[in-house]
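Chain by chain, the residues run as shown.
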Number of protein chains: 2
Amino acid sequence: MRLLFDQFMKKCEDGSWIHLPSYEDIATQRSQDFSTFIHAYFPTASEQINKEKLSQGRIFTRSFEDGLGFEYVMFYNDAEKRIVCVFQGGPHLQGMPGFFHGGAIATMIDATVGMNAIVSGGIVMTANLNINFKRPIPLCSIVLINSQLDKIEGRKLLVSCNVQSVDEKILYTEATSLFIKLNPEKEFHIKELVLNSAPPA
Amino acid sequence: MRLLFDQFMKKCEDGSWIHLPSYEDIATQRSQDFSTFIHAYFPTASEQINKEKLSQGRIFTRSFEDGLGFEYVMFYNDAEKRIVCVFQGGPHLQGMPGFFHGGAIATMIDATVGMNAIVSGGIVMTANLNINFKRPIPLCSIVLINSQLDKIEGRKLLVSCNVQSVDEKILYTEATSLFIKLNPEKEFHIKELVLNSAPPA
């Protein structure tokens, strides 16, 4: 995992790839934006938010102790509009004995294609996720999630991805997704965001 | 949640509905079956299982402290081949501030349609999950996941589901899924399983 991280950090040196801040950092910074747009589209849902519970809220993918849940880092290539997520899931993500739970894989896919949609579209919401599970992924193995922005049609963003072994010899999962932009007029600047968040090198 | 639980337990009295044991109980009892079938279909993946890590394995949906993650109970109607899952997610399942993460919803959908496939088909694997997210679900709210076995075609099982508010007035999510039976010859008896597992009344 460290080796892969270093390889991608090397690619970041010429500026073609960017090491992305975590969604938690983005969500914290953009919390007011999220709330405004959600309230505009879903006023009832927005009013149902329990303020007390919200204070205990923790981003799903960051709610495990180190090494037990979702361990990942994402890199973004702006010219190619793609993200590579290096993911190593911990032993608490088990489904069938010895393998990842389909829901854990779906979660990392949603996080990766979602981040691709965020950097391309701003405040977005997952509208569809269509996942083909081709092979079970052994628990605790390291995989690459390769995501690609395919198309923007008005407020719709189409993003596809696959999950492969590090040597790219095994294709575990393929997925397509559709995101809806909640802020059609407002643009979002990924580089500004990255500079503000400054993930550790 | 307690009230809903009691209502369903009442429905269990005439035997039309069954309170299902947790997947963890089934997986523990059937661990050898899973391993045998997985090894037959995916020998390489099976050999990659890290035995040491496996001993730390914990079912994804049961890996949170009480009240913080996935709190749920499932009821099965054998005549109608459907499962109702009463689900209350905790604050550690957050995606956008104040709402569930799409991956957490996908996880509970996979768990529910997966259980419907298991009781109908035995040892199964998720092959496809196609989810339409229609509205964001406020964090910590209670929802019903209604799953229905639509069709069995040879080794394929098609299961659909929706996620609704308790009063059934809000449709949050709809999904279809495809499962592949790994044990084509061997039948699986849900009633025997339920009797063996004896969930608390």
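Where an unreviewed UniProt entry is consulted, chain A appears under the name Acyl-coenzyme A thioesterase THEM4, with the organism given as Myotis myotis. The UniProt entry for chain A carries the following text under Sequence similarities (unreviewed entry): "Belongs to the THEM4/THEM5 thioesterase family."

Draft legend 1. Molecular detail of the overall build of chain A. Assigned secondary structure in chain A consists of six helices and seven strands. Listing the helices and strands of chain A from first to last along the sequence gives α-β-α-α-α-β-β-α-β-β-β-β-α. Taking contacts inside chain A between residues at least 6 apart in sequence as the whole, the part at least 24 apart equals 67%. Accessible surface computed for chain A: about 8,700 Å², of which carbon and sulfur atoms make up 50%.

Draft legend 2. Molecular detail of a negative patch on the surface. A cluster of like negative charges, contributed by Glu65(A), Asp66(A), Glu65(B) and Asp66(B), occupies part of the molecular surface. Within the element layout of this structure, Glu65(B) appears in the loop between helix 4 (51-54) and strand 2 (70-77). Since its relative accessible area comes to 61%, Glu65(B) is described here as exposed.

Draft legend 3. Looking closely at the nonpolar core. Counting residues in each nonpolar core, the largest one holds 112 residues, and the members touching the most others are Phe70(A), Phe87(A), Ile109(A), Phe70(B), Phe87(B) and Ile109(B). Apart from residues lying up to four places away in sequence, Phe87(A) is in contact with Phe70(A), Glu71(A), Tyr72(A), Leu93(A), Phe100(A), Met108(A), Ser141(A), Ile142(A), Val143(A) and Ile145(A).

Draft legend 4. How the structure looks around the UniProt feature "domain: Thioesterase" (unreviewed entry) in chain A. Those residues carrying the UniProt feature "domain: Thioesterase" (unreviewed entry) are residues 98-168 of chain A in this numbering. From the first C-alpha to the last, residues 98-168 of chain A spans 21 Å; its make-up is 28% helix and 45% strand.

Draft legend 5. Region of the structure containing the interface of chain B and chain A. Between chain B and chain A, the contact holds 55 residues from the first and 55 residues from the second. Interface of chain B and chain A: buried area, both sides summed, is about 4,700 Å²; carbon and sulfur atoms make up 66% of it. Of all residues in chain B, Phe60(B), His92(B) and Met96(B) give up the largest surface area on contact with chain A, accounting jointly for 13% of the area buried on that side. Linking chain B with chain A are 22 residue pairs in polar contact (both at pLDDT 80 or more), by the criterion used here. Listing elements by their share of the side of chain B that touches chain A, those giving two or more residues are helix 2 (23-41), helix 3 (43-47), helix 4, helix 5 (102-121) and strand 4 (124-133) of chain B. The biggest single contributor to the side of chain B that touches chain A is strand 4 of chain B, with ten residues. For the side of chain B that touches chain A, a count of residues per class yields 31 nonpolar, 19 polar and five charged. Relative to strand 4 of chain B, strand 4 (residues 124-133) of chain A runs antiparallel, the two sharing five bridges. Opposite Leu129(A), over in strand 4 of chain B, you have Ile131(B) as the bridge partner.

Draft legend 6. Spotlight on the state of the cysteines. All names here are of chain B. Within this structure, the stated rule accounts for zero disulfides over all chains. No disulfide involves Cys12; its nearest neighbouring cysteine sulfur is the one of Cys85, lying 14 Å away. Take Cys140: it sits in no disulfide, and the sulfur closest to it among the cysteines is that of Cys85, at 16 Å. In this structure Cys140 comes out as buried when scored by relative accessible area, which is 10%.

Calculation rules
- Residues numbered from 1 in each chain as written.
- Chains lettered and ligands numbered in written order.
- Predicted model: local features only at pLDDT ≥ 70, side-chain atom pairs only at ≥ 80, totals over all residues.
- Heavy atoms only, no water.
- UniProt positions renumbered as here; feature names shortened; annotations may be inferred.
- Helix = DSSP H or I, 4+ residues; strand = E, 2+ residues; numbered from the N terminus.
- Contact = heavy atoms within 4.5 Å.
- Areas by Shrake-Rupley, 256 points an atom, 1.4 Å probe, with all protein chains shown as cover.
- Patch = residues over 30% accessible without salt bridge, like charges linked within 9 Å, V, L, I, M, F, W, Y side chains within 5 Å.
- Salt bridge = Lys/Arg side-chain N within 4 Å of Asp/Glu carboxyl O.
- Lys, Arg positive; Asp, Glu negative; His and termini not counted.
- Charge placed at Lys NZ, Arg CZ, Asp CG, Glu CD.
- Buried < 20%, exposed > 50% of the residue type's maximum accessible area, 1.4 Å probe, protein only.
- Core = buried A, V, L, I, M, F, W, Y, C linked by side-chain atoms within 4.5 Å.
- Buried area = accessible area lost by both parts, 1.4 Å probe.
- Polar contact = N/O pair within 3.5 Å; in protein donor to acceptor, adjacent residues only side chain to side chain.
- Nonpolar A, V, L, I, M, F, W, Y, C, P; charged D, E, K, R; others polar.
- Pairing = 2+ DSSP bridges.
- Disulfide = S-S within 2.5 Å.

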